[in-house]
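# Analysis of the macromolecular model
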Amino acid sequence: MSAPGSSRRCKAQVSRVVSFSASHRLHSKSLSNEENLKLFGKCNNPNGHGHNYKVVVTVHGEIDPVTGMVMNLTNLKECMEEAIMKPLDHKNLDLDVPYFADVVSTTENVAVYIWENLQKFLPVGVLYKVKIHETDNNTVVYKGE
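Predicted model only: the values in this text are computed from it and were never measured.

### Side note on the UniProt feature "active site" (unreviewed entry) in the protein
UniProt feature "active site" (unreviewed entry): in the numbering of this structure it lies at Cys43, His90 and Glu134. Turning to its location among the elements, Cys43 is positioned in the loop between helix H1 (33-40) and strand E2 (49-62). Here Cys43 falls in the partly exposed class, since its relative accessible area comes to 23%. Non-local contacts of Cys43, meaning those with residues more than four positions away in its chain, are made with Arg25, Leu26 and His49. Its location among the elements puts His90 in the loop between helix H2 (73-88) and strand E3 (91-92). Overall, His90 belongs to the exposed group, its relative accessible area being 63%.

Okay, here's the thing in structure tokens:
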């Protein structure tokens, strides 16, 4: 452990979790109805289906020697509210979120959407990882690559 006033710089990762509910239909405009049904199965239901998504957002950086924080969690909470909850919670992803008009609303693409949206609110270089639990068995991790 470094002493106060030391020149040693400590880095850490901090994560915060939010949950939102949304519906969607897995359907690609590039495929026929038959191909979509074969590829996506019951997730291609024309009336859609829903999930209770759990999103873990991780930021990283140097621990500020004055505040003792990488980032104020209140600020991270506010960013997540704007970037995730307001645009996605209790929405039909395909109909209510313009991003998904031409992008298949897979959890992989939801992770990319959240990453891109968070970048608008967070300081540059702070965002490390977006992890989404679509179900207890299905998880996606996106690191901006």
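### Let's talk about the pairing of strand E5 (residues 139-142)
In E5, alternate side chains face the same way, and those of Val140 and Tyr142 are buried while those of Thr139 and Val141 on the opposite face are not. In this antiparallel pair of consecutive strands, strand E4 (residues 127-133) and E5, the connection spans 5 residues.

### Quick notes on the sheet that holds E2
Sheet strands line up and pair through hydrogen bonds in the backbone, either parallel or antiparallel. Pairing is mixed in the open sheet, where 5 strands are placed in the order E3-E1-E2-E4-E5. In this open sheet, the two edge strands, each paired with only one partner strand, are E3 and E5. Both E4 and E5 contribute to a ladder of 4 bridges, which runs antiparallel. Bridge pairing in E5 places Val130 opposite Tyr142.

### Some words on the packing of H2 against helix H4 (residues 107-119)
Remark: H2 packs on H4, axes separated minimally by 9 Å, with the N-to-C direction vectors making an angle of 135°. Compared by their axis directions, H2 and H4 come out oblique. In terms of crossing hand, the pair formed by H2 and H4 is right-handed. Each of Cys79, Met80, Ala83, Ile84, Pro87 and Leu88 in H2 lies in contact with H4, whose residues at this interface are Tyr113, Ile114, Asn117 and Leu118. Split into classes, the residues belonging to the contact of H2 with H4 amount to 9 nonpolar, 1 polar and no charged.

### A few points about the environment of Lys143
In this structure, Lys143 sits in the segment after E5. Separated by 21 residues in the primary sequence, Lys143 and Leu122 have C-alpha atoms spaced 15 Å apart. Look past the residues within four positions of Lys143 in its chain and what remains in contact with it is Trp115, Tyr128 and Lys129. Within the local environment of Lys143, its side chain forms a polar contact with the side chain of Tyr128, the two groups lying 3.2 Å apart.

### With respect to the nonpolar core
One recurring pattern in soluble globular proteins is that nonpolar side chains are buried together. With 34 residues, the main nonpolar core has Phe20, Val55, Ile84, Ile114, Leu118 and Val130 as its most contacted residues. At the level of secondary structure, the elements contributing two or more residues to this core comprise strand E1 (11-24), E2, H2, H4, E4 and E5. In contact with Val130, not counting residues within four places along its chain, are Val55, Val56, Ala111, Ile114, Trp115, Leu118, Val140, Val141 and Tyr142.

The rules behind the values
- The numbers attached to residues start from 1 for each chain and follow its sequence in the written order.
- Owing to the predicted nature of the model, reporting of local features is limited to residues with pLDDT of at least 70; listing and counting of side-chain atom pairs is limited to 80 or more, with chain, interface and lining totals taken over all residues.
- As a rule here, side-chain values come from all non-hydrogen atoms in the structure, and water together with hydrogens is ignored.
- UniProt positions are given in the numbering used here, feature names are shortened, and annotations may be inferred rather than shown by experiment.
- Every helix listed is a DSSP run of H or I at least four residues long, and every strand listed is a run of E at least two residues long, numbered separately from the N terminus.
- Buried means the residue's accessible area, taken with a 1.4 Å probe over protein chains only, is under 20% of the maximum for its type, while exposed means over 50%, and partly exposed covers the values in between.
- Every residue pair with non-hydrogen atoms within 4.5 Å of one another is taken to be in contact.
- Any two strands with at least two DSSP-identified bridges between them are counted as paired.
- Throughout, an axis means a line fitted to C-alpha atoms (over the contacting stretch in the case of helices), and angles, computed between N-to-C directions, take values from 0 to 180 degrees.
- The scheme is simple: roughly parallel for angles under 35 degrees, roughly antiparallel for over 145, roughly perpendicular for 65 to 115, oblique for anything else.
- Left-handed describes a crossing whose near helix is turned anticlockwise from the far helix through less than a right angle; right-handed describes the clockwise counterpart.
- Under the convention adopted here, Pro, Cys and the residues Ala, Val, Leu, Ile, Met, Phe, Trp and Tyr are nonpolar, Asp, Glu, Lys and Arg are charged, and Gly plus all remaining residues are polar.
- The definition of a polar contact used here is a pair of N or O atoms within 3.5 Å, where within protein one atom must be able to donate a hydrogen and the other to accept one, and adjacent residues in sequence count solely through side-chain atom pairs.
- In plain words, nonpolar cores are sets of buried Ala, Val, Leu, Ile, Met, Phe, Trp, Tyr and Cys residues tied together by side-chain atoms within 4.5 Å.

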